[in-house]
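Residue-level structure breakdown
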Amino acid sequence: MCTLFIADLHLSEHEPAITAGFLRFLKEQAIHAKALYILGDFFDFWIGDDDPNPLHQQIAQALMTLKNAGVPCYFIHGNRDFLIGSRFAKESGITLLPQEKVLEIEKNRILILHGDTLCTDDEAYQRYRKKVHNKCIQRLFSLLPLFIRLRIADKMRSRSQHENLYKSDAIMDVNPQAVIDTFKHFNTEWMIHGHTHRPAIHTVNIDDKIHYRGVLGAWHTEGSMFKVTAEKIELIHFPF
């Protein structure tokens, strides 16, 4: 059996093809796995577990069906859905993980994370991230009416898209030293993350030892997953 990793689906009612592709992925691939790990930006935005969006309920039911079939699902928050909380976790059957988690799978020691913390050259984003992850700010935001939260989320998303047009690709990618420091801190041979939307497997030489950084792709036009088995770790793309 295998363990699967996905990220950056950006599920939205405006992208029904991606939702359909994900539901098919659950029925055809995830159902045969030992476990499924979702590494953030699962939804395009999240304004609170109390949002009655029918898409959220549909996805929660699908994940609970997967869990009831014997496949546990684990979740790491992304920069779009960092407000997913215990209510949605209970409704969907997922287990919420910290922003970094080390797994021991098939004799592989693998660090999983969303990946935005590695993009340290994007100083403006890191300042924004620090603010929105402040628990006091999150509590105040959750007290606002839903329509105001939605309006704020729309404005923040539009602002982010506009600002990214003027940022270089290098700034929005991971910082090489941040990657090395993270490998050393967690003492792993593998790292799997999303966020940058640049699927690949990179080799990183640290003190004459090769490490591997796996990057998941976004589900814009096709699916992307890492599949870990006893034989290998591979990045797989597949049609919706």
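Cut-offs and rules
- Residues numbered from 1 in each chain as written.
- Predicted model: local features only at pLDDT ≥ 70, side-chain atom pairs only at ≥ 80, totals over all residues.
- Heavy atoms only, no water.
- Pairing = 2+ DSSP bridges.
- Helix = DSSP H or I, 4+ residues; strand = E, 2+ residues; numbered from the N terminus.
- Contact = heavy atoms within 4.5 Å.
- Axes fitted to C-alpha atoms, helices over the stretch in contact; angles between N-to-C directions.
- Salt bridge = Lys/Arg side-chain N within 4 Å of Asp/Glu carboxyl O.
- Buried < 20%, exposed > 50% of the residue type's maximum accessible area, 1.4 Å probe, protein only.
- UniProt positions renumbered as here; feature names shortened; annotations may be inferred.
- Polar contact = N/O pair within 3.5 Å; in protein donor to acceptor, adjacent residues only side chain to side chain.
- Core = buried A, V, L, I, M, F, W, Y, C linked by side-chain atoms within 4.5 Å.

1. Observations regarding the sheet that holds strand β3 (residues 73–75)
Read from one edge of the open sheet, six strands run β4-β3-β2-β1-β10-β11, paired in mixed fashion. Since the sheet does not close on itself, it has two edges, and those belong to β4 (95–96) and β11 (233–238), each with one partner. Pairing geometry for strand β2 (residues 33–38) and β3, over three bridges, is parallel. Note on β3: the bridge partner recorded for L36 is C73. On top of the sheet, helix α1 (residues 16–28) reaches β1 (2–6), β2, β10 (223–228) and β11; it is set at about 170° to β1, its chief contact.

2. Side note on the pattern of salt bridges
Throughout the structure, instances matching the rule amount to 10 salt bridges. A salt bridge links D173 to R198; its shortest N-O distance comes to 2.9 Å. Remark: R198 occurs in the loop between β7 (190–193) and β8 (200–206) and D173 occurs in the loop between α7 (169–172) and α8 (176–186); sequence separation between them is 25 residues. Counted as one network, the salt bridges with shared partners bring together D44, R80, D154 and R157.

3. Some words on the pairing of β10
In terms of burial, β10 is a largely internal element, five of the six residues being buried. Across three bridges, β1 lies against β10 in antiparallel orientation. Residue pairing for β10: T3 is matched across the bridge by V228. Pairing geometry for β10 and β11, over six bridges, is antiparallel.

4. Looking at unusual backbone geometry
Located in the positive-phi region is D41, a residue other than glycine, with phi close to 50°. Looking at the secondary structure, you find D41 in the loop between β2 and α2 (54–68). Taking relative accessible area as the criterion, D41 reaches 2% and is therefore assigned buried. Even without a glycine there, the phi angle at E106 is positive, about 50°. Tracing the sequence through the fold places E106 in the loop between β5 (100–105) and β6 (108–113).

5. Here we look at the UniProt feature "binding site: substrate" (unreviewed entry) in the chain
Under the feature "binding site: substrate" (unreviewed entry), the UniProt entry names N79, R80, D122, S160, N164, K167 and H195. Relative to the assigned elements, N79 resides in the loop between β3 and α3 (86–92). Judged by its relative accessible area of 14%, N79 falls in the buried class. With residues near it in sequence (within four places) discarded, N79 still touches D41, H114, D116, Y125, Y128 and H195. Following the sequence through the fold, K167 ends up in the loop between α6 (146–164) and α7. Apart from the residues lying within four places of it in its own chain, the contact partners of K167 are D122, Y125 and M172.

6. Remarks on the UniProt feature "binding site: Mn(2+) 2" (unreviewed entry) in the chain
As recorded in UniProt, the sites labelled "binding site: Mn(2+) 2" (unreviewed entry) are D41, N79, H114 and H195. These annotated residues cover 155 residues of sequence, and their C-alpha atoms all fall within 8.2 Å of one another, placing them together at a single site. The contacts of D41, once residues within four sequence positions are left out, are D8, L9, H10, G78, N79, R80, D81 and H114. Within the local environment of D41, its side chain forms a polar contact with the backbone nitrogen of N79, the two atoms lying 3.0 Å apart. When neighbours within four sequence positions are excluded, H195 is seen to be in contact with D8, N79, H114, G115, D116, C119 and Y125.

7. What to know about the nonpolar core
Counting 40 residues, the largest nonpolar core has F22, F25, L26, L36 and F42 as the members making the most contacts within it. Elements with a minimum of two residues in this core: β1, α1, β2, α2, β3 and α3. Top element by residues in this core is α2. It accounts for six residues. The next biggest cluster of nonpolar side chains, apart from the first, holds 17 residues, and it includes A35, I76, L97 and I192.

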